[in-house]
Structures are given as C-alpha cells and as structure tokens.
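Fold and geometry: a report
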Amino acid sequence: MSTKTRKISVLLAVAVIFSMILSACQAPAANQPTQPAEPPVTEPTEVPAVEEPTEPEAPAEEPTEAEAPAEEPTEAEAPAGDASGVSVCQVTDTGGIDDKSFNATAWAGALRAQEELGVEAKYLESQQQTDYERNINAFIEEGCDLIVPVGFLIEADTKAAAEANPDQKFAIVDVSYDPPIDNVLALVFATDEAGFLAGYLAAGMTQTGAVGTFGGIPIPSVTIFMDGFYYGVQYYNQQKGTDVQVLGWDPANPDSGLFAGNFESTDDGRTLGETLLSEGADIIMPVAGPVGLGTAVAVQNAGNAWIIGVDTDWTISAEEYADVVLTSVVKKMDVAVFDATKAVVDGTFQGGTYLGTLANGGVGLGTIADAAPQELLDEVEQVRQGIIAGDITVGGN
C-alpha cells in the first residue's frame, strides 16, 4: 500500500471514530429531557393532588355526619359538660326578661346552664299576650331543644304547641296539666308553704296589728302566695291569741281581693301600696312582678313599714330597697330550669310535674331583716319543720 493510500485510510478511520463519539454524546442529550418530562406529568397526576386531598375529604364529612349523632353522644358526654348544639329558649311573660321576679329568675337558670353545661341560652320577650303563640312557634322553627314558657298566662298556647309538636320538649313555669303532656315538664311551686312562713313572720313583726297583700292578676300562681300569707297570719293569731288583720285578701272571699290588673305598672304598685299603708298595714307583700317595685318605693318613703318580696330574694334582686325588705318568699325557678335543661343534655328528660316544696328546697324564705328578734326566728324555723313533717297544715281547715 502506498503512503498516500495509508493516509486516506487513517483519515477515514478518524472520521468513523469521530462519528461514533458524536452519536454517543447526542443520544443522552436526547434521552435526558424525555426522563424528566415524564415525572412532571406522572407524579403530579398520581400524587396527592387528586388522590390525597380526596382522602381528607372523607374525614371532613364525618364531623358533619357526627353532628347529627353529636346530639346522641352529647347526651352521654353531658356529665363532662359537653352540650354543644343544645339550646334552651325562654318565652317571657309580659313583665319582661329583667322584671326582677319570675322571668328574671327563670332566665338565671338558663344562663347557669349556658355557663356550666355549655348550652346556648336565648329568649324572646312577650310585650302582650298575643305574642305568646308567635314566640313559641318562632323557637320551634329555630329547632330549640327545650322551650321554657314562663307564667300561667302562656298555659293554653304552650299546650296547643306541645300537642301539635310531640317531639318538641317544653318546661313551663307555674303551670301544670291534668292529664300531663308527655313532652311538657310542668315546673310548679308550693309557694303557699313559704308564704305561710312569711305571714307568721309578718304577724310577729307588725306594730299596727295589720298587714297587707295584693296580686297582679287573680290567677292560681299569684293567689297561692296570698293564701299562704293569709293562713300564716291566722296560725300566728291562733298560737299567740292575737288578732292581726290581713288587708287585701281573704281566701274565703276571693272576689274582694286587691289586684293591680297587670304585672308591669310600677305606678299602680305605688298607688296600691300607699292605699294599704293608709289603711293601717305596716307590712305589705305584693305578688305582682315589677308592679311590686312601685310598692317598695311607697314603703321606703313611709319610713316605718316593711315589704316582703316574692319569687327572688329582694335584698339581692332589688337591693336598692334592701333596707325595707323584711324577707322574701322565694321559689327557685332558676334551679328547676337548670335541672330541666340538664335532663335534656343527659337524655333523661321526661314530661310530668316537678313540685318545689320546703322539703326539697324548691321554695323558702330569703334573707330576713336583722330587726327580727331571734325568738321569732326560732318560731319561724319550728313552723317550717312542722310543715315539712306534716304536723302543720298550710291551707285553712
């Protein structure tokens, strides 16, 4: 082979080698984009963007479903105070939520349930009697777990609503039904027992030999106070040989009883108080909600008289008149409303009747003025024990 031929062969070999090297370099360059290109498409597609968020959504629905059963577990968990989702809804009488009397006392029980049990408490005020039905129905539509109508005057509207809505729970204050309604718990109180004690105390404290009482409207939840007060005075007279008079009420002649005709007007309360004072009474027990606050003004202005509060301890709820409050006939509606609400939370709510008495602490006397002598206080306690034991009859015989 000639020198020229060898040179050509060498050049061809170099060209082939160079071509192979070039191919080897270009192949990876072409394949590299292909490999990374798959991950961005495959990984985001398979990865959680679709599948994993879908899995959390299943748990997310569980709380929603659990909210329905949440009310069943809530009943079991109630002792631990978990009452989320449970609501107690009060329909007031016309005296208003802040009447310093029965509406306010019942509301205190709802607020206690809100604080201690974790329920939601709400109310609707009735400005007039035609509001009762509307307010009850509004709470039924809201899905309230327990509706608490307050006052004897709401009796008929509550009965109609309860019978039309048998799954709706009610706890009505100052009303009982005969026969009982399955979904209504009647919260009633033997205030004649505590009123009897107040009458005995008043008879022992009067300086004029006359005490007085009047009511808001002549309904059973009012006159029961006045009955007890009257008979307490009579019992004192019987035991002591005295003749203390009761102005404004005689159970044997109810048509002659003294009534304001409402539960709102403090002006009426002041006028009736002044009338009783002018007739010689130096201790007055008004059973008329806020109306009685007007009487307290008259008594305070007189300067030589006492007032007996009702429903709540007036030395607390009407502390501006504490200096003239002899005592108060207390009915613990707050405790009854709280207990009814707790029964709903616990899942133990039943219709029927709760009766607050001296024996179970549902009624009693509030703070007694320091002016009452210890001997008289001891006698009042003996009378209380006698009523509880059944040795003393509260009603007239």
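For the structure itself, look to the data block above.
Computed from a predicted structure; not experimentally measured.

1. Quick look at the sheet that holds strand E7 (residues 245–247)
Taken in spatial order, the six strands of this open sheet run E7-E6-E8-E9-E10-E12, and their pairing is mixed. Edge positions in the sheet fall to E7 and strand E12 (363–365), since each has one partner strand and no second. Each adjacent strand pair in this sheet contributes to an overall mean axis angle of 15°, direction not counted. Its contacts with the sheet put helix H8 (residues 266–278) on strand E6 (210–215), E7 and strand E8 (283–287), and the angle it makes with E6 is roughly 155°.

2. Brief notes about the packing of H8 against helix H9 (residues 291–302)
At a closest axis distance of 6 Å, the pairing of H8 and H9 adopts a crossing angle of 45°. Relative to H9, the element H8 lies oblique. Crossing handedness for the pair H8 and H9: right-handed. Counting all contacts with H8, which are made through Thr266, Asp268, Gly269, Arg270, Gly273, Glu274 and Leu277, the residues of H9 involved are Val291, Leu293, Gly294, Thr295, Val297, Ala298, Val299, Asn301 and Ala302. Partitioned by chemical class, the residues of the contact of H8 with H9 number seven nonpolar, six polar and three charged.

3. So, the pattern of salt bridges
By the definition in use, this model includes 12 salt bridges. Put simply, Glu379 and Lys240 hold a salt bridge, and the shortest N to O gap is 2.8 Å. Linking Glu379 in helix H12 (residues 374–389) with Lys240 in helix H7 (residues 220–240), this pair joins segments that are 139 residues apart in sequence. Overall, Glu379 belongs to the buried group, its relative accessible area being 14%. For Lys240, a relative accessible area of 37% puts it in the partly exposed group. Asp311 is paired through a salt bridge with Lys331; the nearest N and O atoms lie 3.9 Å apart. Linking Asp311 in strand E9 (residues 306–311) with Lys331 in strand E10 (residues 325–331), this pair joins segments that are 20 residues apart in sequence. For Lys331, a relative accessible area of 3% translates into the label buried. Residues joined by salt bridges that share partners form a network here, namely Glu120, Lys122 and Glu142.

4. Focus: the environment of Phe338
Examined against the element boundaries, Phe338 turns out to sit in helix H11 (residues 333–346). For Phe338 and Ala106, which are 232 residues apart along the polypeptide, the C-alpha to C-alpha distance reads 8.6 Å.

5. Some thoughts on the environment of Trp249
Here Trp249 shows up in the loop between E7 and H8. A C-alpha to C-alpha distance of 6.9 Å links Trp249 and Met226, two positions 23 residues apart in sequence. Once residues lying within four places of it in the same chain are set aside, the contact partners of Trp249 are Thr213, Thr223, Met226, Asp227, Tyr230, Pro254, Gly257 and Phe259. A distance of 2.9 Å separates a polar atom in the side chain of Trp249 from a polar atom in the side chain of Asp227.

6. Quick word on the packing of aromatic side chains
In this structure the tally under the stated criterion is eight aromatic pairs. For the ring pair Tyr200 and Tyr236, a centre distance of 5.0 Å and an interplane angle of 75° mean the geometry is edge-to-face. Separated by 36 residues along the polypeptide, Tyr200 in helix H6 (residues 191–205) and Tyr236 in helix H7 bring together distant segments of the chain. Taken individually, Tyr200 and Tyr236 each receive the classification buried, so the pair is uniform in this respect. Summarising the aromatic geometry, the rings of Trp249 and Phe259 are spaced 5.9 Å apart at their centres and angled 85° between planes, so their arrangement reads as edge-to-face. Of the two residues, Trp249 sits in the loop between E7 and H8 while Phe259 sits in the loop between E7 and H8, which places them 10 residues apart along the sequence. On the basis of relative accessible area, Trp249 is assigned to the buried category, the value being 7%. Ring pairing ties together the aromatic residues Phe196, Tyr200, Tyr235 and Tyr236, which thus form one cluster. Above the ring of Phe338, the side-chain terminus of Arg112 is found at 3.6 Å from the ring centroid.

The rules we used
- Sequence order sets the numbering: in each chain, residues are counted from 1 along the sequence as written.
- The predicted nature of this model means local features are confined to residues of pLDDT at least 70 and side-chain atom pairs, given and counted, to a pLDDT of 80 or more, with totals for whole chains, interfaces and linings taken over all residues.
- Note that water and hydrogens are dropped before the side-chain values are worked out from all heavy atoms of the structure.
- The pairing criterion for strands is at least two bridges between them, as found by DSSP.
- Labels follow the DSSP assignment, with helices taken as runs of H or I lasting at least four residues and strands as runs of E lasting at least two, numbered in each case from the N terminus.
- As a rule, the C-alpha atoms of each element are fitted with a line to give its axis, helices using only the stretch in contact, and angles between N-to-C directions run from 0 to 180 degrees.
- When checking whether two residues touch, look at their non-hydrogen atoms; a contact exists if any pair is within 4.5 Å.
- Roughly parallel here means an angle under 35 degrees, roughly antiparallel means over 145, roughly perpendicular means 65 to 115, and every remaining angle is called oblique.
- In a left-handed crossing the near helix is turned counterclockwise from the far helix by less than a right angle, and in a right-handed crossing that turn is clockwise.
- Lys, Arg, Asp and Glu make up the charged group, whereas Ala, Val, Leu, Ile, Met, Phe, Trp, Tyr, Cys and Pro make up the nonpolar group; the residues left over, Gly among them, are polar.
- Salt bridges are defined as contacts in which a side-chain nitrogen from Lys or Arg sits within 4 Å of a carboxyl oxygen from Asp or Glu.
- Only protein chains enter the area calculation, which uses a 1.4 Å probe; residues under 20% of their type maximum are buried, those over 50% are exposed, and those in between are partly exposed.
- Here a polar contact is taken to be a pair of N or O atoms separated by no more than 3.5 Å, where protein atoms must pair a possible hydrogen donor with a possible acceptor and residues adjacent in sequence count only if both atoms sit in side chains.
- The rule is short: rings of Phe, Tyr and Trp, with Trp giving its six-membered ring, pair when the centres are within 6.5 Å, and they are stacked under 30 degrees, edge-to-face over 60, tilted in between.
- In this analysis the charged atom, NZ for Lys or CZ for Arg, is taken to sit over a ring once it is within 6 Å of the ring centre and within 35 degrees of the ring normal.

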